[in-house]
There are 2 protein chains.
Amino acid sequence: MSEFPAPRFETPYYAVIFSSLRTPGDDGYGATAQRMEELAASMPGYLGVESARSADGDQPGITVSYWATAEAVAHWRRQAEHLVAQRHGRQRWYSAYRVRVAKVERDYDGPN
Amino acid sequence: MSEFPAPRFETPYYAVIFSSLRTPGDDGYGATAQRMEELAASMPGYLGVESARSADGDQPGITVSYWATAEAVAHWRRQAEHLVAQRHGRQRWYSAYRVRVAKVERDYDGPN
């Protein structure tokens, strides 16, 4: 796991908000999630990632990855191994998900 | 808890990504978190909210609230009761947090 919360980045940059519900069982999910985190970190324009998943019910989870540009987001979305993981995600791991691509305009921290 | 994932909204709209680590214990946190969710939902321009918090360690959590406009985000940030909750959050509930305000440009779902 990377730094949490992810640090301040120079605005503007991009956030990909991935909100999902999990199907029961692992079925290869954990290993692929870890691999995708490593792979994302090796991509051009990658800035960081944050993840949280509740333990209850359908395990609502939110992963936000941060990218320098919209082009970096598009490049990651089309990366070959990531496309395979996305297909498995649709077929096996998620009962529902939504992806939102957003341009971060302001960024502030606390409680300092 | 509202619908999860939150539904599609008409782009562009705004996301406030709040990533935090919790201090140990509740100390009024749960009741205020629920009250803030209700209060936010009554504010002009509110669209929806998603939350996930992992159970391990410092309990990394991500809450993303969605708003129609940047003005609605600013209005919520300055709401009086919310200002009190923000102060308590800094003083008691969070060991670290970061807030990012982002304009959502694209929004797509799955696995359908």
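We now examine helix 3 (residues 80-93) of chain B. Residue and element names in this part refer to chain B. Taking 1.5 Å per residue, 14 residues should reach 20 Å; helix 3 reaches 19 Å between its end C-alpha atoms and fits that length. H82, A85, H88, G89 and W93 are the residues of helix 3 that are buried. In a view along the axis of helix 3, the buried residues occupy a sector of 115°, so they form one face of it. Turned more than 90 degrees off the buried face of helix 3, the exposed positions are A80 and Q91.

Among the secondary structure elements, A:Q79 is positioned in the loop between helix 2 (70-78) and helix 3 (80-93). Not counting residues within four places of it along the chain, the set of residues in contact with A:Q79 comprises A:L39 and A:M43.

Time to look at the relation of the copies chain A and chain B. The operation relating chain A to chain B is a screw motion whose rotation component is 180°, with 0.0 Å of axial translation and a residual RMSD of 0.0 Å. The two molecules are tied by a two-fold rotation axis, judged by turn and shift. Of all interface residues in chain A, 100% are interface residues in chain B too; the two copies therefore contact each other through one and the same surface.

Here we take up the environment of B:G89. Looking at the element boundaries, B:G89 is found in helix 3. Residues B:G89 and B:A33, 56 residues apart in the sequence, show an inter-C-alpha distance of 9.9 Å.

For the structure on display, the rule yields 20 aromatic pairs over all chains. For the ring pair A:F9 and A:Y13, a centre distance of 5.3 Å and an interplane angle of 85° mean the geometry is edge-to-face. Of the two residues, A:F9 and A:Y13, neither departs from the other in class, the shared state being buried. Consider the rings of B:Y13 and B:Y66, whose centres lie 5.9 Å apart with planes at 75°: the pair is edge-to-face. Note that B:Y13 is positioned in strand 1 (residues 13-22) and B:Y66 in strand 3 (residues 61-67), a separation of 53 residues in sequence. Each residue in the set A:F18, A:Y29, A:W93, A:Y94 and A:Y97 is aromatic and connected to the rest through ring pairs, giving one cluster. Of note, B:R77 hangs over the ring of A:Y108, and the distance from its end group to the ring centre comes to 4.0 Å. Looking at B:R100, its charged tip hangs above the ring of A:Y66, at a distance of 4.3 Å from the centre.

Looking now at the pairing of strand 1 (residues 13-22) of chain A. Residues and elements named next belong to chain A. Across the 10 residues of strand 1, 10 count as buried, placing the element largely inside the fold. Of the two faces of strand 1, the one lined by Y13, A15, I17, S19 and L21 and the one lined by Y14, V16, F18, S20 and R22 are each fully buried. One ladder, built from 7 bridges, connects strand 1 with strand 3 (residues 61-67); its direction is antiparallel. When the bridges of strand 3 are listed, V16 appears paired with S65.

Looking now at the interface of chain A and chain B. With 44 residues of chain A in contact, the opposing surface of chain B contributes 44 residues. Where chain A abuts chain B, roughly 3,900 Å² becomes buried across the two surfaces, and 55% of that area is made up of carbon and sulfur atoms. Between the two partners, chain A and chain B, sit 8 salt bridges. Two residues, B:R98 and A:D107, come together in a salt bridge whose shortest N-O distance is 2.7 Å. Inspection of the region where chain A meets chain B yields 33 residue pairs in polar contact (both at pLDDT 80 or more). Of all the secondary structure elements, the ones that give two or more residues to the side of chain A that touches chain B are strand 1, strand 2 (46-53), strand 3, helix 2 and strand 4 (94-110) of chain A. Top contributing element to the side of chain A that touches chain B by residue count: strand 4 of chain A, with 17 residues. Split into classes, the residues belonging to the side of chain A that touches chain B amount to 25 nonpolar, 7 polar and 12 charged.

All names here are of chain A. Between helix 1 (residues 29-41) and helix 3, the least distance of the axes is 11 Å, while the angle of their chain directions is 150°. When the interaxial angle is binned, helix 1 and helix 3 end up roughly antiparallel. Relative to helix 3, helix 1 is oriented so that their crossing is left-handed. Between helix 1 and helix 3, the contacting residues are Y29, T32, R35, M36 and L39 on the first element and E81, H82, A85 and W93 on the second. Counted by class, the contact of helix 1 with helix 3 contains 5 nonpolar, 2 polar and 2 charged residues.

Scoring rules and cut-offs
Residues numbered from 1 in each chain as written. Chains lettered and ligands numbered in written order. Predicted model: local features only at pLDDT ≥ 70, side-chain atom pairs only at ≥ 80, totals over all residues. Heavy atoms only, no water. Helix = DSSP H or I, 4+ residues; strand = E, 2+ residues; numbered from the N terminus. Expected span 1.5 Å × (residues − 1). Buried < 20%, exposed > 50% of the residue type's maximum accessible area, 1.4 Å probe, protein only. Arc of directions from axis to C-beta. Contact = heavy atoms within 4.5 Å. Least-squares fit on C-alpha atoms with pLDDT ≥ 70 in both. Phe/Tyr/Trp six-rings, centres within 6.5 Å; stacked < 30°, edge-to-face > 60°. Lys NZ or Arg CZ within 6 Å of the ring centre and 35° of its normal. Pairing = 2+ DSSP bridges. Buried area = accessible area lost by both parts, 1.4 Å probe. Salt bridge = Lys/Arg side-chain N within 4 Å of Asp/Glu carboxyl O. Polar contact = N/O pair within 3.5 Å; in protein donor to acceptor, adjacent residues only side chain to side chain. Nonpolar A, V, L, I, M, F, W, Y, C, P; charged D, E, K, R; others polar. Axes fitted to C-alpha atoms, helices over the stretch in contact; angles between N-to-C directions. Parallel < 35°, antiparallel > 145°, perpendicular 65-115°, else oblique. Left-handed = near helix turned anticlockwise from the far one by under 90°.

Scope: geometric values only; no functional claims are made or implied.
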